[in-house]
Structures are given as C-alpha cells and as structure tokens.
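Listed below are the residues making up each chain.
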Amino acid sequence: MTIANHAISIPGSKLAREVTEIVRDTESELLFNHSSRVYLFGALAGKHHGLKFDPELLYVGAMFHDMGLTKAHSSADERFEVDGANAARDFLKRHGIAQADIDTVWTAIALHTTPGVPKHMHPIVALVTAGVEMDVLGLTYGEYSDVEREAVVQAFPRTPNFKDDIIQAFYDGIKHKPETTFGNVKADVLAYKDPHFHRGNFCSVIRGSAWRG
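Residues numbered from 1 in each chain as written. Predicted model: local features only at pLDDT ≥ 70, side-chain atom pairs only at ≥ 80, totals over all residues. Heavy atoms only, no water.

Asker: Got a minute to help me understand the overall build of the protein in this structure?
Answerer: The number of helices and strands found in the protein is ten helices and two strands. Mapped in sequence order, the helices and strands of the protein form the string β-β-α-α-α-α-α-α-α-α-α-α. Over its C-alpha atoms the protein spans a radius of gyration of 18 Å, differing by no more than 12% from the 17 Å that the globule rule assigns to 213 residues. On the principal axes, the C-alpha backbone points of the protein span a range of 60 × 40 × 35 Å. Taking all 213 residues of the protein together, the buried fraction comes to 45%. Summarising the internal contacts of the protein: among those between residues at least 6 apart in sequence, 66% fall at separations of at least 24. Carbon and sulfur atoms make up 54% of the accessible area of the protein, which amounts to about 11300 Å² in all. For the protein, the separation between the mean place of its 22 positive charges and that of its 27 negative charges on side chains is 4 Å. (Helix = DSSP H or I, 4+ residues; strand = E, 2+ residues; numbered from the N terminus. Rg over C-alpha atoms; globule rule 2.2 N^0.38 Å. Buried < 20%, exposed > 50% of the residue type's maximum accessible area, 1.4 Å probe, protein only. Contact = heavy atoms within 4.5 Å. Areas by Shrake-Rupley, 256 points an atom, 1.4 Å probe, with all protein chains shown as cover. Lys, Arg positive; Asp, Glu negative; His and termini not counted. Charge placed at Lys NZ, Arg CZ, Asp CG, Glu CD.)

Asker: Explain the pattern of salt bridges here, please?
Answerer: One side chain can pair with another of opposite charge once the charged atoms of both are near each other. Applying the stated criterion to the full structure yields eight salt bridges. A salt bridge links Lys 177 to Asp 83; its shortest N-O distance comes to 2.7 Å. Of this pair, Lys 177 sits in the loop between helix H8 (162–174) and helix H9 (186–193) while Asp 83 sits in helix H4 (residues 80–94), placing them 94 residues apart in sequence. With relative accessibility at 5%, the residue Asp 83 sits in the buried group. Arg 199 is the partner of Asp 188 in a salt bridge, and the nearest nitrogen-oxygen pair spans 2.7 Å. Highlighted residues: Asp 188 in helix H9 and Arg 199 in the loop between H9 and helix H10 (202–207), separated in sequence by eleven residues. The class for Asp 188 is partly exposed, based on a relative accessible area of 42%. Here Arg 199 falls in the partly exposed class, since its relative accessible area comes to 47%. Linked by salt bridges that have partners in common, Arg 37, Asp 135 and Arg 158 make up one network. (Salt bridge = Lys/Arg side-chain N within 4 Å of Asp/Glu carboxyl O.)

Asker: Sorry, what's going on with a nonpolar patch on the surface here?
Answerer: Taken together, Phe 182, Phe 202, Val 205 and Ile 206 make up a surface patch of nonpolar side chains, about 420 Å² in accessible area. Mapping Val 205 onto the fold places it in helix H10. (Patch = residues over 30% accessible without salt bridge, like charges linked within 9 Å, V, L, I, M, F, W, Y side chains within 5 Å.)

Asker: Explanation requested: the packing of aromatic side chains in the structure shown.
Answerer: How two aromatic rings sit relative to each other is given by the distance of their centres and the angle of their planes. Applying the stated rule across the entire model yields four aromatic pairs. When the centroid spacing of 6.3 Å and the interplanar angle of 70° are considered together, the rings of Phe 32 and Phe 156 count as edge-to-face. Here Phe 32, found in helix H2 (residues 29–48), pairs with Phe 156, found in the loop between helix H7 (146–155) and H8; they are 124 residues apart in sequence, far enough to count as distant. Side by side, Phe 32 and Phe 156 carry an identical accessibility label, which is buried. (Phe/Tyr/Trp six-rings, centres within 6.5 Å; stacked < 30°, edge-to-face > 60°.)

Asker: Mind showing me how you'd approach the packing of H4 against helix H5 (residues 99–110) here?
Answerer: Relative orientation and spacing of two packed helices are given, respectively, by the angle between their axes and the distance between those axes. Their axes nearest at 8 Å, the elements H4 and H5 cross at an angle of 160°. In terms of their interaxial angle, H4 and H5 are classed as roughly antiparallel. The hand of the H4/H5 crossing is right-handed. Contacts between H4 and H5 involve Glu 81, Val 82, Gly 84, Ala 85, Asn 86, Ala 88, Arg 89, Leu 92 and Lys 93 from the former and Gln 99, Ile 102, Val 105, Trp 106, Ile 109 and Ala 110 from the latter. Across the contact of H4 with H5, the residue classes tally to nine nonpolar, three polar and three charged. (Axes fitted to C-alpha atoms, helices over the stretch in contact; angles between N-to-C directions. Parallel < 35°, antiparallel > 145°, perpendicular 65-115°, else oblique. Left-handed = near helix turned anticlockwise from the far one by under 90°. Nonpolar A, V, L, I, M, F, W, Y, C, P; charged D, E, K, R; others polar.)

Asker: Would you take a moment to explain helix H6 (residues 123–137) for this structure?
Answerer: Every α-helix winds through 3.6 residues per turn, so residues three or four apart in the chain are directed the same way. Compared with the 21 Å implied by 1.5 Å per residue over 15 residues, the 20 Å span of H6 between its first and last C-alpha is a close match. Burial within H6 is extensive, with eleven of its 15 residues counted as buried. Listed in full, the buried residues belonging to H6 are Ile 124, Val 125, Ala 126, Leu 127, Val 128, Thr 129, Ala 130, Gly 131, Val 132, Met 134 and Asp 135. Phi turns positive one or two residues past the end of H6, at Gly 138, with a value near 65°. (Expected span 1.5 Å × (residues − 1).)

Purely geometric stuff here, so don't read any function into it on its own.
Okay, here's the thing in structure tokens:
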C-alpha cells in the first residue's frame, strides 16, 4: 500500500508469507491485526525518521512480538516477551537466517515492553517498539497523519473496544505466571484485572536478601 507518499507494504517474500500464515493460524484475529498494525506503524516510523531497516526482519519481529501470549508458545516461567522472542528465533533458525539477524529480532521482541531503551538500539529493535507504543499506547499518535492512521486501520481494523480487548488479551496470556511480571509493565495489567494480585517489590527483594546490613 502507499500511505501518504510512503511505499509501505507487507513483505511479499516466501518467508514473510509463511510468517503471516503461522501467526494467523496461531493468534486470535485481535492479536493478528494488532501485530500487522505494529509492523505498518513501525515501518512508517522508520520512514519518518529516515532509518534504514530490513522490512522482512521488522515484519518477523512485529508479527511474533505477542506470540508468547498464545497457548502454543507460552512457557510456564518465562516472560511472555521471551517466549515470543524464542518462537521467532526458532522460526528464523529453521530458515537459515544469519545469527546476527536472529539476535536482532530476538532482542526487538524481548524488549518491546521496556520503555526508553529500544529507541537507542538497532532500527529493528527501535521500530518494533515504536509500532507497539503507537498501536497500544498511542504515545506517538500525533506523529502520524490522519491519512496514515486511517489507512493502517482500514487494512487491519481495530475492534470497537480495542483498549479493553487488548488488556484482556494481555491478562489471559500472563495470568498463569504472575511472577514473570516483576519489574515490568505487565504487572499493571494484573493489578488492573485481578484485585488479589500482589506485586513483587524491588525494595523488598533487596531487604529480604541473604546479605547482612
């Protein structure tokens, strides 16, 4: 598609088509459309800022970034971001992708809920987070034109109650392992959805350690 003079499209490579098929078959429509918008918003952010990036790697990072929320890829004790990163790593290894590129995509997914860090890293890492922060949080809403936003949402629609729906999807994907939310934003999801949830506390960990003093 062409969005406000930016030639942005879903990559048409064999690898990208396989990614689309896998994610469509594994994730809900909500998460599939969200991940697709993350790619498009991330690619647009790259164009806005004049960044050079591999669209195929960005697509893999965007499409796999929430795979850790699915039963097929959710571990018992890892953060969901790590589960998604591991799923992408395994996929890319099967396709003979260079280790450096695999590491970049892994990092992009693993850090996509870590504010303030990805923007200083490789463009793929920065742009996956940029897409997430736009589509979920709207942090950079004003940096996109009405034409850009409307084109992306027309291609991959948001549900009428997307804000509540995505919070519920996050909760459903992590509620079985609340300890993995220590020190990250998903603790807010559990606190919002579960009145009995008790956050881990960084200072309590320090004070409760085996060290004297």
